[in-house]
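Chain residues, written in single-letter form:
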Amino acid sequence: GESVGLHLPTLSVQEGDNSIINCAYSNSASDYFIWYKQESGKGPQFIIDIRSNMDKRQGQRVTVLLNKTVKHLSLQIAATQPGDSAVYFCAEKGGTSYGKLTFGQGTILTVHP
Amino acid sequence: DAGVIQSPRHEVTEMGQEVTLRCKPISGHDYLFWYRQTMMRGLELLIYFNNNVPIDDSGMPEDRFSAKMPNASFSTLKIQPSEPRDSAVYFCASSSSSGAGGTQYFGPGTRLLVL
C-alpha cells in the first residue's frame, strides 16, 4: 500500500509515572549521543547528552543510559508531567564526522493528567 | 544569548516563486546546519557549513535548492522555483567545535507552504 508518512513509535503514560524512551543506533563508531525534545510547532530542544566512554548520565528528572554492546540508548524521565508531552529524538555523532549528527525517527510521548 | 534566529517564521507562496529563508546562528558557533522536516520523511539534513564553507551538501534535493553563508552570522537557503512538494518546516541549527561533542542548537523553524 501507499506510505502515508512515518509511523513513529508512541508511548502513553499517566502523569507522575516514569517514562522510558528507547533508541537503537547502527554506527558502532559513534562517540557522542544526544536526546532532543520537540514540542508541537517548535524546533528540537537539547535535553541531555552522553559520550561513548560513559554508560549513564543524569540530569534534572532525566537519565540517559548507553549500552554500546547492543548499540542501545534510552532516556528515562522521572515523574513525567503533561509538559513532557512531545516527540523525542535520539541523535548520534560518528567518530569521524565532527559536527554532523544522525537523527532517529523519533518517539511520541503523551502524558495524561 | 538569543539562540538561533530564523526568518520568516511562516511563508506562503505560489508554485514557481522564489523563496529565501534566513538564519542567524548563535554567536561564536562555527557550524551551521539546514534541515527539512516533513511527516513523510522526518528530519533531513540538507547542507552544513563549517567556518562559512559548505562541507556536505549531499542532502540538497535538487538544483532548485541553494544555500550560502556569506559571513559567520548569516546564512540563506533559497528555493527557486518553488514547488508544492517543498512544503515543509525548515530548521537552521548551529554548533561549536569547542563545545562538548558538537551539540546542535535549533532555531524555531520556518513553516513553508507552496500552493
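About the thresholds
- Residues numbered from 1 in each chain as written.
- Chains lettered and ligands numbered in written order.
- Predicted model: local features only at pLDDT ≥ 70, side-chain atom pairs only at ≥ 80, totals over all residues.
- Heavy atoms only, no water.
- Helix = DSSP H or I, 4+ residues; strand = E, 2+ residues; numbered from the N terminus.
- Buried < 20%, exposed > 50% of the residue type's maximum accessible area, 1.4 Å probe, protein only.
- Contact = heavy atoms within 4.5 Å.
- Phe/Tyr/Trp six-rings, centres within 6.5 Å; stacked < 30°, edge-to-face > 60°.
- Salt bridge = Lys/Arg side-chain N within 4 Å of Asp/Glu carboxyl O.
- Polar contact = N/O pair within 3.5 Å; in protein donor to acceptor, adjacent residues only side chain to side chain.
- Nonpolar A, V, L, I, M, F, W, Y, C, P; charged D, E, K, R; others polar.

(A) Region of the structure containing the environment of Glu15 of chain A. All names here are of chain A. Note on placement: Glu15 falls in the loop between strand E1 (10-14) and strand E2 (19-24). Given the relative accessible area of 42%, Glu15 is considered partly exposed. Between the C-alpha atom of Glu15 and that of Pro113, which follows or precedes it by 98 residues, the distance is 5.1 Å. Excluding its chain neighbours within four sequence positions, the residues that come into contact with Glu15 are Thr80, Gln81, Pro82, Val111, His112 and Pro113.

(B) Looking closely at the packing of aromatic side chains. On inspection of all chains with the given rule, the structure shows twelve aromatic pairs over all chains. With a centroid separation of 4.6 Å and 50 degrees between ring planes, the pair formed by Tyr25 of chain A and Phe33 of chain A is classed as tilted. Like Tyr25 of chain A, the residue Phe33 of chain A is buried in the burial classification. Put simply, the rings of Tyr36 and Phe103 of chain A together with Tyr31, Phe33, Tyr35, Tyr48, Phe91 and Phe106 of chain B touch in pairs and so form one group of aromatic residues.

(C) Geometry of the interface of chain A and chain B. At the interface, 22 residues of chain A touch 28 residues of chain B. Inspection of the region where chain A meets chain B yields one salt bridge. Here Lys100 of chain A makes a salt bridge to Asp56 of chain B, at a shortest N to O gap of 3.0 Å. Our count for the contact surface shared by chain A and chain B stands at five residue pairs in polar contact (both at pLDDT 80 or more). Among the secondary structure elements, those contributing two or more residues to the side of chain A that touches chain B are strand E3 (30-38), strand E4 (45-51) and strand E8 (86-94) of chain A. Looking at the side of chain A that touches chain B element by element, the count peaks at four residues for E3 of chain A. Residues belonging to the side of chain A that touches chain B are distributed by class as follows: eleven nonpolar, six polar and five charged.

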